Amino acid sequence: MKVNLARSVRVLISLYLLMALTSGLAFLPLGHWGWHLSLVIAFVMAGLILLFFMKVKYSEPLIWLTSAAGFTWLSLLILLVILDYISRAWPG
Amino acid sequence: MSAETESNADLLNFPFKEASHQRESALFGMWIFLATEVLFFGGMFTAYMVYRYSHWQAFQEAGAHQEWYLGCLNTAVLLTSGFTMALAVEFARKGQRVWLLALFAITWLLGSAFLGIEGYEYHTKFTEHLVPGSGFHFTGSDPSSSELFFVLYFTMTGMHMFHMFVGLMLILFFGGWTWFSPRALLTPNPFEVLGLYWAFVDIVWLFLYPLFYLVHPQ
């Protein structure tokens, strides 16, 4: 198997660009949207690292499932906490 | 038994009979560990989310004291180290010792630079009395809630730095092993597992950066 340097460089450049984007957006007055957007960008960057640097894209289904498991449990935790916040009147 | 079978059998640990099975098990085990790590950091991220929603203004004021450009520099350093580590693993798979060692060295230097920058930041927090505790001094609308921001900052970046430190020690260990033992590269499995660990530590930082440095950049 050949070392795919060009693909890794493309992924790295995409990561730099996304980093610049999230940094730039932080200076705009977006309120709550600002940090929600920055988290979406962080998830895209994490996805690139998972797929290409951690080679999930080229792995067997067992690895796909296992890598998704942790994030699935975490999203359950966060989802239920958020539901509590948006469905009740909290101070702040 | 031929020489080839002997050397292959030598690489297999009990109870494996096939190299592919051994490899899958190594990677599967690491991914399970990483899933527990996601939940370990995830609990802290959830705490951050709750406090940021409930103390919005205090977090904005505290976030204004963060040097966003240092966080940005550290993100770039860490992304680059993730790239060199991913390449190092590919060279380990191909059995190219010199390239592997060179990329390990670069990754190690980048990781150390990250810790150096982070250490400098911690130092400035001490001099500015922004470390939670009896010495904490903050002028704002709600200092005790702003203190929460710094509690989370030190806890989460501290745990991340600990993971980085462990990663640097592992690179030293695996690098030394490759340097001294010609048998190190007979199987790439340990290097692939180390690569997964390093990439995961990268990913954690990608979330820490916007949550602690881009709250209210000046």
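Residues numbered from 1 in each chain as written. Chains lettered and ligands numbered in written order. Predicted model: local features only at pLDDT ≥ 70, side-chain atom pairs only at ≥ 80, totals over all residues.

## Looking at the interface of chain A and chain B
Moving on, step 1. Taken together, the contacts link 36 residues of chain A with 38 residues of chain B.
Moving on, step 2. Elements represented by at least two residues in the side of chain A that touches chain B include exactly α1 (5-25), α2 (32-53) and α3 (61-87) of chain A.
Moving on, step 3. Per-element tally for the side of chain A that touches chain B: the top contributor is α3 of chain A, with 13 residues.
Moving on, step 4. When the residues that make up the side of chain A that touches chain B are grouped by side-chain class, the tally is 28 nonpolar, eight polar and no charged. (Contact = placed C-beta atoms within 7 Å. Helix = DSSP H or I, 4+ residues; strand = E, 2+ residues; numbered from the N terminus. Nonpolar A, V, L, I, M, F, W, Y, C, P; charged D, E, K, R; others polar.)

## Let's talk about helix α7 (residues 189-213) of chain B
Moving on, step 1. End to end, α7 of chain B covers 36 Å across 25 residues, agreeing with the expected 36 Å (1.5 Å per residue, within 8%).
Moving on, step 2. Across the 25 residues that make up α7 of chain B, a large majority, 23, are buried. (Expected span 1.5 Å × (residues − 1). Buried ≥ 20, exposed ≤ 12 C-beta atoms within 10 Å, placed from the backbone.)

## Digging into the environment of proline 182 of chain B
Moving on, step 1. Topologically, proline 182 of chain B is positioned in the loop between α6 (143-180) and α7.
Moving on, step 2. Residues proline 182 of chain B and alanine 58 of chain B, 124 residues apart in the sequence, show an inter-C-alpha distance of 57 Å.

## Structural notes on the packing of α1 of chain A against helix α4 (residues 68-94) of chain B
Working note: a packed helix pair is described by the angle between its axes plus the distance between those axes.
Moving on, step 1. At their nearest, the axes of α1 of chain A and α4 of chain B sit 10 Å apart, and the two run at 165° to each other. Regarding the angle of α1 of chain A to α4 of chain B, the classification is roughly antiparallel. Crossing of α1 of chain A over α4 of chain B shows right-handed handedness. Along its contact with α1 of chain A, which presents Ser8, Leu12, Leu15, Tyr16, Met19 and Ser23 of chain A, the element α4 of chain B presents Trp68, Cys72, Thr75, Ala76, Leu79, Phe83, Ala86 and Leu87 of chain B.
Moving on, step 2. Taken together, the residues that form the contact of α1 of chain A with α4 of chain B break down as 11 nonpolar, three polar and no charged. (Axes fitted to C-alpha atoms, helices over the stretch in contact; angles between N-to-C directions. Parallel < 35°, antiparallel > 145°, perpendicular 65-115°, else oblique. Left-handed = near helix turned anticlockwise from the far one by under 90°.)

## Remarks on the packing of helix α5 (residues 97-127) of chain B against α6 of chain B
Residue and element names in this part refer to chain B.
Moving on, step 1. Here α5 crosses α6 at 155°, and the two axes come no closer than 10 Å. Between α5 and α6, the interaxial angle falls into the category roughly antiparallel. Between α5 and α6 lies a crossing of left-handed hand. Each of Arg97, Leu100, Leu101, Phe104, Thr107, Trp108, Gly111, Ser112, Phe114, Leu115 and Glu118 in α5 lies in contact with α6, whose residues at this interface are Thr157, Met161, Met164, Gly167, Leu168, Ile171, Gly175, Thr178 and Trp179.
Moving on, step 2. In terms of residue class, the contact of α5 with α6 is built from 11 nonpolar, seven polar and two charged.

## Structural notes on the environment of phenylalanine 40 of chain B
Residue and element names in this part refer to chain B.
Moving on, step 1. Topologically, phenylalanine 40 is positioned in helix α2 (residues 19-54).
Moving on, step 2. Accessibility expressed as a C-beta count within 10 Å gives 13 for phenylalanine 40, which makes it partly exposed.
Moving on, step 3. With 77 residues separating them along the chain, phenylalanine 40 and isoleucine 117 place their C-alpha atoms 25 Å apart.

## Description of the confidence of the model for chain B
Residue and element names in this part refer to chain B.
Moving on, step 1. Confidence along chain B averages 93 in pLDDT terms, with 95% of residues attaining 70 or more.
Moving on, step 2. Low confidence marks residues 1-7, where pLDDT is under 50. Its contacts with residues over four positions away, or in another chain, come to one contact.
Moving on, step 3. Overall fold confidence for the complex sits at a pTM of 0.92, while the interface term, ipTM, reaches 0.91. (pLDDT = per-residue confidence, 0-100.)

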